[in-house]
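Observations on chain architecture
Spelled out, the chains give:
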Amino acid sequence: MFIMEGVKRMDCISIVVPCFNEEEALPLFYERISAVLSEMPQIDYELLFVDDGSSDETLPLLQALIHADDQVRYLSFSRNFGKEAAMYAGFSEAVGDYIVVMDIDLQHPPELLPKMYQMLKAENVDCVGGKRVSRTGEKKLRSLLSRAFYRVANILSTVSMKDGEGDFRMMSRRMVEAILSVKEYNRYSKGIFQFVGFETRWIEYENVPRVAGQTKWSFLSLLRYAVDGIFSFSAVPLVLASYCGLLFCIFSFIMGIYIAGKTILFGNSVSGWTTLVCILLLGFGLQMLFIGLLGQYVAKNYMESKHRPLYFFKESGGMKPKIEKDKRQLDRKSHVRSL
Ligand code: UDP
Ligand code: MG
């Protein structure tokens with residue numbers, strides 16, 4: 001049908017914002033992002049908040065916001081499922097041609113969005129991300145551990161993850177579809193973004209402290225997330241066990257020859273007890289360590305095999321952008337044309 005041919009519709013950008021107990025940051029974020037989006041008249045957009053089971057006023061604020069602004073939508077989880085699940089839900093529900101994911105605490109500057117969009121269009125790539133080039137304002141211990149994590153993760157893992165290259169990015173729909181097709185339960189987005197491929201450009205920005213509220217990451221939860229990251233994208237720890245075992249075999253073979261030789265030449269005196277205990281303890285320790293590593297993979301496999309949903313919705317609100325209808329029509333027409 002030629003009527004639809006030549007029809008140019010505006011690009012629609014979906015901005016996915018996971019939020020968990022963000023009553024303080026939400027109004028500040030909304031104000032800043034709205035100012036930025038009002039400077040982008042050439043695009044249509046939807047602001048898609050994903051309330052990750054907040055127990056504060058975040059949900060009532062979102063419920064009020066959809067009445068004040070019809071470009072706002074929200075999804076609300078039945079409990080806290082974590083940011084990874086919130087991002088997945090946002091990606092699955094977003095209707096835009098381009099999809100952005102960003103934190104609500106304004107640590108991801110909304111002012112980068114116009115440049116990201118321009119770069120995506122001009123350079124014809126599938127992803128433009130924000131790359132944090134400093135860690136100013138962050139706790140020293142956290143910076144130190146994060147750096148150590150990236151070093152270890154990159155040695156062990158098959159995909160390369162760089163410090164500063166986080167979740168904040170604008171992606172094409174086809175890249176998001178690829179991410180959605182990775183349906184694993186133990187999700188580690190930084191690795192999944194790398195895993196799906198697609199050309200990515202980076203825009204650098206300085207770290208800024210969270211605008212309001214508290215970080216949701218405790219030291220332990222960060223550590224767990226980091227360990228998850230390593231185990232999700234690497235089987236190297238498993239292989240390590242075999243190398244270690246081999247090394248021990250070679251070592252004990254040499255020791256065996258040495259002890260046998262010594263006994264033949266000089267007779268058997270009951271010495272070497274300390275050496276024996278040390279070797280035994282080391283051996284036991286390593287065995288336990290590797291059983292533990294094996295357990296990590298078994299546990300992950302166990303969770304995967306349950307095929308549990310990543311999240312449950314409690315409610316949602318707001319209207320999908322009208323563009324989706326137009327898009328569906330276009331899709332149908334192009335389908336008809338191709339028949
Ligand atoms: N977040 C979430 N669910 C969680 C934890 C965090 O949706 O269980 C959201 C949070 O509201 C924020 C983003 O993820 O928009 C980043 O969280 P935070 O700022 O606490 O992390 P940090 O910047 O300290 O890494
Ligand atoms: Mg933050």
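Residues numbered from 1 in each chain as written. Chains lettered and ligands numbered in written order. Predicted model: local features only at pLDDT ≥ 70, side-chain atom pairs only at ≥ 80, totals over all residues. Heavy atoms only, no water.

1. What to know about the confidence of the model for the protein chain
- Scored by pLDDT, the protein chain has a mean of 85; 92% of the residues are at 70 or more.
- Across the protein chain, the secondary-structure element scoring lowest on mean pLDDT is helix α11 (residues 323-338), at 42, and the one scoring highest is strand β4 (residues 98-101), at 97.
- Note that pLDDT drops below 50 for residues 1-5; the model gives that stretch 5 contacts with residues more than four away or on any other chain.
- Low confidence marks residues 324-339, where pLDDT is under 50. Its contacts with residues over four positions away, or in another chain, come to 12 contacts. (pLDDT = per-residue confidence, 0-100. Helix = DSSP H or I, 4+ residues; strand = E, 2+ residues; numbered from the N terminus. Contact = heavy atoms within 4.5 Å.)

2. Describing the site of ligand 1
- Neighbouring ligand 1 are 17 residues; Glu 22, Asp 52, Asp 105, Thr 215 and Lys 216 lie closest to it.
- The separation between an oxygen atom of ligand 1 and a polar side-chain atom of Glu 22 is 2.5 Å.
- Looking at side-chain class alone, the shell around ligand 1 contains 5 nonpolar, 4 polar and 8 charged residues. (Near = heavy atom within 4 Å. Polar contact = N/O pair within 3.5 Å; in protein donor to acceptor, adjacent residues only side chain to side chain. Nonpolar A, V, L, I, M, F, W, Y, C, P; charged D, E, K, R; others polar.)

3. A look at the coordination of the magnesium ion (ligand 2)
- Within the protein, Asp 105 (OD) and Gln 107 (OE1) serve as the donor atoms for the magnesium ion (ligand 2), at 1.8 to 2.0 Å.
- Classification of Asp 105 by relative accessible area gives buried; the value is 4%. (Donors = N, O, S within 2.8 Å, 3.2 Å for Na, K, Ca; no water. Buried < 20%, exposed > 50% of the residue type's maximum accessible area, 1.4 Å probe, protein only.)

4. Quick notes on the state of the cysteines
- A full pass over the atoms with the stated rule returns 0 disulfides.
- Unpaired in terms of disulfides, Cys 127 finds its nearest cysteine sulfur in Cys 12, a separation of 18 Å.
- In this structure Cys 249 is not part of a disulfide, and its nearest cysteine sulfur, from Cys 244, lies 11 Å away. (Disulfide = S-S within 2.5 Å.)

5. Describing the sheet that holds strand β1 (residues 11-19)
- Taken together, 8 strands build an open sheet; the order of strands is β7-β5-β6-β4-β1-β2-β3-β8 and the sheet is mixed. Each edge of the sheet is formed by a strand with only one pairing partner; in this case those strands are β7 (200-205) and β8 (313-317). Neighbour-to-neighbour, the strand axes of the sheet open up by a mean angle of 20°, direction not taken into account.
- Judged from the 4 bridges that link them, strand β5 (residues 127-132) and strand β6 (residues 165-172) form a sheet pairing that is antiparallel. In the strand pairing of β6, Gly 129 is matched with Arg 169.
- Docked against the sheet, helix α4 (residues 113-123) engages β1, β2 (43-51), β4, β5, β6 and β7, running at close to 55° with respect to β6. (Pairing = 2+ DSSP bridges. Axes fitted to C-alpha atoms, helices over the stretch in contact; angles between N-to-C directions.)

6. Points about helix α3 (residues 83-93)
- Across the 11 residues of α3, 8 count as buried, placing the element largely inside the fold.
- Every buried residue belonging to α3 is among Glu 84, Ala 85, Ala 86, Met 87, Tyr 88, Ala 89, Gly 90 and Phe 91, and all of these are buried.

7. Description of the packing of α3 against helix α6 (residues 173-181)
- In the contact formed by α3 and α6, the axes pass within 10 Å of each other and the chain directions differ by 130°. By the angle between their axes, α3 is oblique relative to α6. Once α3 is placed against α6, the crossing between them reads as left-handed. Residues Tyr 88, Phe 91 and Ser 92 of α3 form the contact with α6, whose own contacting residues are Val 176, Ile 179 and Leu 180.
- Across the contact of α3 with α6, the residue classes break down as 5 nonpolar, 1 polar and no charged. (Parallel < 35°, antiparallel > 145°, perpendicular 65-115°, else oblique. Left-handed = near helix turned anticlockwise from the far one by under 90°.)

8. Here's the deal with the pairing of β5
- The element β5 is extensively covered by neighbouring structure, given that 5 of its 6 residues are classed as buried.
- Relative to β7, β5 runs parallel, the two being bridged by 6 bridges. Note on β7: the bridge partner recorded for Cys 127 is Thr 200.

9. A closer look at the nonpolar core
- Ranked by internal contacts, the top residues of the largest apolar core, which has 39 residues, are Phe 77, Phe 91, Met 171, Ile 179 and Tyr 311.
- Going through the elements one at a time, β2, β3 (72-77), α3, β4, α5 (140-156), α6, α7 (189-196) and α8 (219-233) are the ones with two or more residues in this core.
- Here this core takes 6 residues from α3, the largest share from any one element.
- When near neighbours in sequence (up to four residues on either side) are disregarded, Phe 77 contacts Val 50, Asp 51, Asp 52, Gly 53, Ala 85, Ala 86, Ala 89, Tyr 311, Phe 312, Phe 313 and Lys 314.
- Formed by 38 residues, the second largest nonpolar core is a distinct cluster that contains Ile 13, Val 17, Tyr 98 and Leu 112. (Core = buried A, V, L, I, M, F, W, Y, C linked by side-chain atoms within 4.5 Å.)

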